[in-house]
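# Descriptive analysis of the structure
This is what each chain is made of:
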Amino acid sequence: MTSPARFTDKVAFITGAARGQGRAEALRFASEGADIIALDACTEFDSTPYPGATDADLAETVRLVEATGRRIIATKTDVRDFDGLQSALTAGVAELGRLDFVIANAGICSTGRSWEITSQAWQEMLDVNLTGVFHTAKAAVPILLKQGEGGSMVFTSSVAGLKGTPFFAAYAAAKHGITGLAKVMANELGQDRIRVNTVHPAGVATGMDMSSFQSLLADHASTLGPIYMNALPDQIIAPDEVAAVVAWLCSREAKYLTGVQMPIDIGNLNR
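Quantities reported herein were computed from a predicted structural model and do not represent experimental measurements. (Residues numbered from 1 in each chain as written. Predicted model: local features only at pLDDT ≥ 70, side-chain atom pairs only at ≥ 80, totals over all residues. Heavy atoms only, no water.)

## Notes on the overall build of the protein chain
Test applied: In DSSP terms, a helix is any run of H or I states spanning at least four residues, a strand is any run of E spanning at least two, and both are numbered starting from the N terminus. With C-alpha atoms as the basis for the radius of gyration, the globule rule is written as 2.2 Å multiplied by the number of residues raised to the power 0.38. For every residue, the accessible area (1.4 Å probe, protein chains only) is compared with the maximum for its type, and the residue is labelled buried under 20%, exposed over 50%, or partly exposed between those bounds. Any two residues having at least one pair of non-hydrogen atoms within 4.5 Å are treated as being in contact. Only the protein chains shown count as cover for residues, and all accessible areas are computed by the Shrake-Rupley method using a 1.4 Å probe. Just so you know, the count uses Lys and Arg for positive and Asp and Glu for negative, and it drops His and the chain ends. Where a charge lies is defined by one atom per residue type: Lys uses NZ, Arg uses CZ, Asp uses CG and Glu uses CD.
The helix and strand inventory of the protein chain stands at 7 helices and 7 strands. Reading the protein chain from its N terminus to its C terminus gives the helix and strand order β-α-β-α-β-α-β-α-β-α-β-α-α-β. Here the protein chain has a C-alpha radius of gyration of 18 Å; the compact-globule value for 271 residues is 18 Å, and the two agree. With respect to the principal axes defined by its C-alpha atoms, the protein chain has extents near 55 × 35 × 35 Å. Per-residue burial for the protein chain yields a buried fraction of 51% across its 271 residues. Across the protein chain, the fraction of contacts at a sequence separation of at least 24, relative to all contacts at a separation of at least 6, is 79%. Carbon and sulfur atoms provide 53% of the accessible area of the protein chain, an area that totals close to 12,100 Å². Positive and negative charge centroids in the protein chain, built from 22 and 29 side chains respectively, lie 7 Å apart.

Spelled out as structure tokens, the structure:
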């Protein structure tokens, strides 16, 4: 049974917190006693087929976290901007007193045949999804090391970070990169009791509306469609279900797990 006080007086830093998985993670950690440092770009991206998060979305995350009785420091900050991210994190730690958990969740998604992806779309994907995670870790690790009390970092990858999901080449490349980065950092930081793991969800019901991908899949339903089949008879995951696994990875119950690629995939990777 999960204790509601599992993270009392701890602090979690969460990127991409305005909606979807990031908001669910902020609420999960707050509901278990943590204070939150949250950020989101709250902007539109050139390559995505769906609208970006808004200032109002981030404000709603703040409202929901505060309703739990916990504190939250939220800023409109783009993970591509290292100086801005570092400043936001430093200010949040100064206000809340410490840092314990780092949830590098911010990301975008777009689709297309790999050889038809524009250079601009490719670069935007890598800048947000991979370099953004690097920036998050780069800003957070020195704080954790200075505290000298260990910590836990969880990077949001995907089933596309472990297999070759058709029509998601740029996304898969970035998510595979996240997986590799986490494995290296788990080795480098293990001696300091800083654990680094990745989560690999299948489709999650967030603000990322990828319905435009269905026409591509329909054209190759008999050849490539089976790659997207799940072992369990479900099609989509709720954000709070991902948040529950992320929280568990950060808990003492998972204290011996580092360098792990944790699937939340409805059995997709078993196919």
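## A word on helix H1 (residues 20–31)
What counts here: The span one expects for a helix is its residue count, reduced by one, times 1.5 Å.
Here H1 contains 12 residues, and its C-alpha end-to-end distance of 17 Å stays within 8% of the 16 Å for a straight helix at 1.5 Å per residue. Those residues of H1 lying buried are Gln21, Gly22, Arg23, Ala24, Glu25, Ala26, Phe29 and Ala30. At the C-terminal side of H1, Gly33 shows a positive phi close to 105°.

## Let's talk about the nonpolar core
The condition that has to hold: The nonpolar core is taken to be a set of buried Ala, Val, Leu, Ile, Met, Phe, Trp, Tyr and Cys residues, with the residues joined through side-chain atoms within 4.5 Å.
Phe13, Leu89, Leu99, Met153, Phe155, Met185 and Val196 are the most contacted members of the largest nonpolar core, which totals 50 residues. Per-element accounting of this core gives the leading share, 10 residues, to helix H4 (residues 119–147). Discounting chain neighbours no more than four positions away, the residues touching Met185 are Ala137, Val141, Met153, Phe155, Gly190 and Val196. Core analysis: the next-biggest nonpolar cluster, separate from the first, contains 29 residues, Val62, Phe101, Val242 and Ile266 among them.

## Comments concerning the side chain of Thr136
This is how it is decided: Pairs of N or O atoms are called polar contacts if they sit within 3.5 Å, as long as, within protein, a hydrogen donor faces a hydrogen acceptor (for residues adjacent in sequence, only side-chain-to-side-chain pairs).
Among the secondary structure elements, Thr136 is positioned in helix H4. Take Thr136: its relative accessible area is 1%, and that puts it in the buried class. A polar contact of 2.8 Å, which involves the side chain of Thr136, links it to the backbone oxygen of Gly132. For Thr136, the residues in contact, after removing those within four places along its chain, are Phe13, Thr15, Val79, Leu85, Val102 and Ala104.

## Topic: the packing of H1 against helix H2 (residues 55–67)
The test is simple: Angles run from 0 to 180 degrees between N-to-C directions of axes, and those axes are lines fitted to C-alpha atoms, restricted for helices to the stretch in contact. Throughout, the term roughly parallel applies to angles under 35 degrees, roughly antiparallel to angles over 145, roughly perpendicular to angles from 65 to 115, and oblique to all others. Working rule for handedness: look at the near helix, and if it is turned counterclockwise from the far one by less than a right angle, call the crossing left-handed; if clockwise, right-handed. Note that Gly is not counted as nonpolar here; it falls among the polar residues with everything else outside the nonpolar set of Ala, Val, Leu, Ile, Met, Phe, Trp, Tyr, Cys and Pro and the charged set of Asp, Glu, Lys and Arg.
Between H1 and H2, the least distance of the axes is 9 Å, while the angle of their chain directions is 15°. Here H1 lies roughly parallel to H2, going by the angle between them. Here H1 runs over H2; the crossing is right-handed. Contacts from Arg23, Ala26, Leu27 and Ala30 in H1 reach Asp57, Glu60, Thr61, Leu64 and Val65 in H2. Of the residues contributing to the contact of H1 with H2, the split by class is 5 nonpolar, 1 polar and 3 charged.

## Points about the environment of Phe168
Residue placement: Phe168 occurs in the loop between strand E5 (151–156) and helix H5 (169–189). According to the relative accessible area criterion, Phe168 is buried, its value standing at 10%. Separated by 55 residues in sequence, Phe168 and Arg113 have C-alpha atoms that sit 7.6 Å apart. Residues contacting Phe168, with those up to four places away along its chain left out, are Cys109, Ser110, Thr111, Gly112, Met210, Phe213 and Tyr228.

## Remarks on the side chain of Asn129
With respect to the helices, strands and loops of the structure, Asn129 is situated in helix H4. A relative accessible area of 1% places Asn129 in the buried class. Polar contacts involving the side chain of Asn129 include one to the main-chain amide nitrogen of Ile108, which spans 2.7 Å. If we skip the residues at most four places from it in the chain, Asn129 touches Gly107, Ile108, Tyr171, Ala174, Lys175 and Ile178.

## So, the pattern of salt bridges
Note the threshold: Whenever a carboxyl oxygen of Asp or Glu lies within 4 Å of a side-chain nitrogen of Lys or Arg, that contact is scored as a salt bridge.
Per the stated rule, a full pass over the model turns up 13 salt bridges. The closest approach of N and O atoms between Asp35 and Arg71, which form a salt bridge, is 2.9 Å. Of this pair, Asp35 sits in strand E2 (residues 35–40) while Arg71 sits in the loop between H2 and strand E3 (72–76), and the two are 36 residues apart along the sequence. With a closest N to O distance of 3.6 Å, Arg113 and Glu116 form a salt bridge.

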